[in-house]
Amino acid sequence: MRTAYSVQTVRSAERALMARLPEGALMQRAAAGLAAACAELLGRVYGRRVVLLVGSGDNGGDALYAGARLARRGAGVTAVLLASPEKTHAGGLAALVAAGGRPVAGDRGADAVARADLVVDGIVGIGGRGGLRADAVPLADAVERARAAVVAVDLPSGVEAGSGEVRGRAVRADLTVTFGTHKPALLVDPAREYAGSVRLVDIGLRPKLPAEPELEALQHTDVAALLPRPGAASDKYRRGVVGIAAGSARYPGAAVLAVSGALRGGAGAVRYVGPAGDAVLARFPETLVSDRGPKEAGRVQAWVVGPGAGDDASAVGEVLGQDVPVLIDADGLRLADRAAVRARTAPTLLTPHAGEAAALLGVAREEVEAARLASARELADRYGATVLLKGSTTLVADPGGGPVRVNATGTGWLATAGSGDVLSGLAGSLLASGLTARDAGSVAAYLHGLAGRYAADGAPAGAHDVAAAIPDAWRDVLS
Ligand SMILES: NC(=O)C1=CN([C@@H]2O[C@H](COP(=O)(O)OP(=O)(O)OC[C@H]3O[C@@H](n4cnc5c(N)ncnc54)[C@H](OP(=O)(O)O)[C@@H]3O)[C@@H](O)[C@H]2O)[C@@H](O)CC1
Ligand SMILES: Nc1ncnc2c1ncn2[C@@H]1O[C@H](COP(=O)(O)OP(=O)(O)O)[C@@H](O)[C@H]1O
Ligand SMILES: [K+]
């Protein structure tokens, strides 16, 4: 499991660790890891031109100490100071100068950046707020124009460390070297996009961090442990039956796609109710199609309601009234009565994309995209339900707090009509086989993202291709 902690938690863990170590030891660990990553990126250090962008805090101190290490290995190092030398990290600046590095004032930074092989962004780290300040913006512009590789120290300067929001200008890095633990901004878009690839340097912080992180990202082994597997005593009912109440005369394809995901999600049987039974059977004859409403359809262990449902609110109401886990997607989100969702005692999983989440929250879509973490949490609390917010990083938030799951296995090729229907069927099937809403949602997002990669493999793929690739993703996770 990859985890990220809030700034407040990182700070208190750092304080606890620092109390037991000699002064400056943590920063030396950070700088050593940073310098090693820079050297690796440069290939050869001797004779290369390195430019440090140095803010007034410890983030600048890290950059200066790392710069000193690179200077000792023969790099030409220029430190662009955003603050006066008196306000710059004193120990770091002295070390850089002693190693032969050259400090220059901020207004001479752009020229240095233009000639650099490597830029190290130490403007601001976890102490930053609200995008880059005006005096740092010309440097960020110069970095974007330059050919140099860009390494961010701890975080790309200008992003909001704790939320992943970007409220103004921020530096775009090729690599971010972060210390002790990931910060939420490194896992959640839009900030994640600014970070490039991320390398975590161990500075000994882990034992001081609490058991419960702010964010969790499942890895292969975590997903493998959660995947349902039939045992010798299994039969199709014990494996779980998932009910799909989806599709309409106008959108029969949504039903077919939800069923295609559900058939690959581990449930022993898929039951379908709705007006698209013929289309479903033509494609998937193994589906148990019922011509009655959800209430009379026979036993299911979990329902999926809403994909392509049009304006038929009755199925949504019927499904919400049943005491089994329910996943609500697409049109179902608009049709579901919030009080009825809140009143449920069995788990409910809502799976909106940013536009649907915005409509439920009564804000603009852009606001949800800018503040994904806060939006998912807010929606989970308003509905008293688990929320899976889809997008380039998919988030799964439980009501009442706790770590939010984040998934980044996906690819932009998944942004194709109907791929969300496949996800809802897949997640519903996992719910029926007994996973919690939070596990079902995050495991489904993980497999769906991998399946999208397999299906696309560098070229466009349709939603049905994504569904067909789920077994490959499943095997990959178990291998
Ligand atoms: N603690 C530890 O054990 C370890 C910490 N480590 C490192 O310390 C970093 C945290 O250091 P920190 O606390 O000094 O804050 P930091 O991120 O440098 O920024 C504060 C300065 O930035 C300025 N500033 C603020 N906003 C701004 C903006 N939008 N745009 C531009 N400038 C802005 C603000 O200036 P001021 O308001 O004073 O003018 C303030 O002085 C952490 O990320 C990690 O790299 C590692 O060495 C490992 C051990
Ligand atoms: N840029 C992206 N990167 C990764 N995954 C994405 C991206 N854009 C969309 N997705 C994923 O594709 C799926 C699209 O679902 P949705 O928007 O509901 O589509 P539809 O309603 O057409 O089925 C979601 O699983 C979402 O997370
Ligand atoms: K930084």
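The model shown is predicted, which means the values in this text are computed figures rather than measured ones.

Basis of the calculations
Residues numbered from 1 in each chain as written. Chains lettered and ligands numbered in written order. Predicted model: local features only at pLDDT ≥ 70, side-chain atom pairs only at ≥ 80, totals over all residues. Heavy atoms only, no water. Helix = DSSP H or I, 4+ residues; strand = E, 2+ residues; numbered from the N terminus. Rg over C-alpha atoms; globule rule 2.2 N^0.38 Å. Buried < 20%, exposed > 50% of the residue type's maximum accessible area, 1.4 Å probe, protein only. Contact = heavy atoms within 4.5 Å. Areas by Shrake-Rupley, 256 points an atom, 1.4 Å probe, with all protein chains shown as cover. Lys, Arg positive; Asp, Glu negative; His and termini not counted. Charge placed at Lys NZ, Arg CZ, Asp CG, Glu CD. Near = heavy atom within 4 Å. Polar contact = N/O pair within 3.5 Å; in protein donor to acceptor, adjacent residues only side chain to side chain. Nonpolar A, V, L, I, M, F, W, Y, C, P; charged D, E, K, R; others polar. Axes fitted to C-alpha atoms, helices over the stretch in contact; angles between N-to-C directions. Parallel < 35°, antiparallel > 145°, perpendicular 65-115°, else oblique. Left-handed = near helix turned anticlockwise from the far one by under 90°. Domains from an automatic or database assignment. Salt bridge = Lys/Arg side-chain N within 4 Å of Asp/Glu carboxyl O.

Considerations on the overall build of the chain
Here is step 1 of the chain: Along the backbone of the chain there are 20 helices and 18 strands.
Here is step 2 of the chain: Taken over the C-alpha trace, the chain has a radius of gyration of 25 Å; the compact-globule value for 479 residues is 23 Å, and the two agree within 12%.
Here is step 3 of the chain: Its C-alpha atoms give the chain principal-axis dimensions of about 80 × 45 × 45 Å.
Here is step 4 of the chain: For the chain, buried positions account for 57% of its 479 residues.
Here is step 5 of the chain: Contacts in the chain between residues far apart in sequence, at least 24 positions, make up 69% of those at least 6 positions apart.
Here is step 6 of the chain: For the chain, the exposed surface amounts to about 19,500 Å²; the carbon and sulfur share of it is 49%.
Here is step 7 of the chain: For the chain, the distance from the average position of its 51 positive side-chain charges to the average position of its 49 negative side-chain charges is 5 Å.

Some details on the site of ligand 1
Here is step 1 of the chain: Taken together, 22 residues are adjacent to ligand 1, and Ser56, Asp62, Gly125, Gly131 and Asp154 come closest.
Here is step 2 of the chain: Arg11 is positioned such that a nitrogen or oxygen atom in its side chain is 2.9 Å from an oxygen atom of ligand 1.
Here is step 3 of the chain: Contacts to ligand 1 include Gly131, whose backbone N or O atom sits 2.4 Å from a nitrogen atom.
Here is step 4 of the chain: Its free accessible area being 940 Å², ligand 1 has 80% of it covered by the protein chains.

Overview of the site of ligand 2
Here is step 1 of the chain: Lys390, Gly391, Gly418, Ser419 and Gly420 are the nearest of the 18 residues found near ligand 2.
Here is step 2 of the chain: A distance of 3.1 Å separates an oxygen atom of ligand 2 from a polar atom in the backbone of Leu414.
Here is step 3 of the chain: Between ligand 2 and Ser419, the relevant distance is 3.3 Å, taken from an oxygen atom to a side-chain nitrogen or oxygen of the residue.
Here is step 4 of the chain: Against a free-state accessible area of 580 Å², the protein chains account for coverage of 76% of ligand 2.
Here is step 5 of the chain: In terms of residue count, the dominant contributor to the shell around ligand 2 is helix α17 (residues 419–432) (four residues).
Here is step 6 of the chain: Across the shell around ligand 2, the residue classes break down as four nonpolar, 12 polar and two charged.

Some words on the packing of helix α9 (residues 252–262) against α17
Here is step 1 of the chain: Between α9 and α17, the shortest axis-to-axis distance is 6 Å and the interhelical angle comes to 40°. Our classification of the angle between α9 and α17 gives oblique. For α9 against α17, the interelement crossing comes out right-handed. Along its contact with α9, which presents Ala254, Leu257, Ala258, Ser260, Gly261 and Ala262, the element α17 presents Asp421, Val422, Ser424, Gly425, Leu426 and Ser429.
Here is step 2 of the chain: Across the contact of α9 with α17, the residue classes tally to six nonpolar, five polar and one charged.

Quick notes on unusual backbone geometry
Here is step 1 of the chain: For the peptide bond that leads from Asp189 to Pro190, omega is 5°, which places it in the cis range.
Here is step 2 of the chain: Topologically, Pro190 is positioned in the loop between β7 (175–179) and α7 (191–195).
Here is step 3 of the chain: Positive phi is not limited to glycine here, since Ala330 has a value of about 50°.
Here is step 4 of the chain: Structurally, Ala330 is set in the loop between β14 (326–329) and α12 (331–335).
Here is step 5 of the chain: For Asp457, which is not glycine, the phi torsion reads 45° and is therefore positive.
Here is step 6 of the chain: With respect to the element layout, Asp457 can be found in the loop between α18 (437–456) and α19 (463–468).

Brief notes about the domain arrangement of the chain
Here is step 1 of the chain: For the chain, the assigned domains are domain 1 (2–217) and domain 2 (220–478).
Here is step 2 of the chain: Taking only C-alpha atoms, the centre of domain 1 and the centre of domain 2 are 40 Å apart.
Here is step 3 of the chain: Contacts between the two partners involve 15 residues from domain 1 and, on the opposite side, 19 residues from domain 2.
Here is step 4 of the chain: Put simply, domain 1 and domain 2 have four salt bridges between them.
Here is step 5 of the chain: Ionic pairing is found between Glu367 and Arg167, a salt bridge with its closest N-O pair at 3.2 Å.

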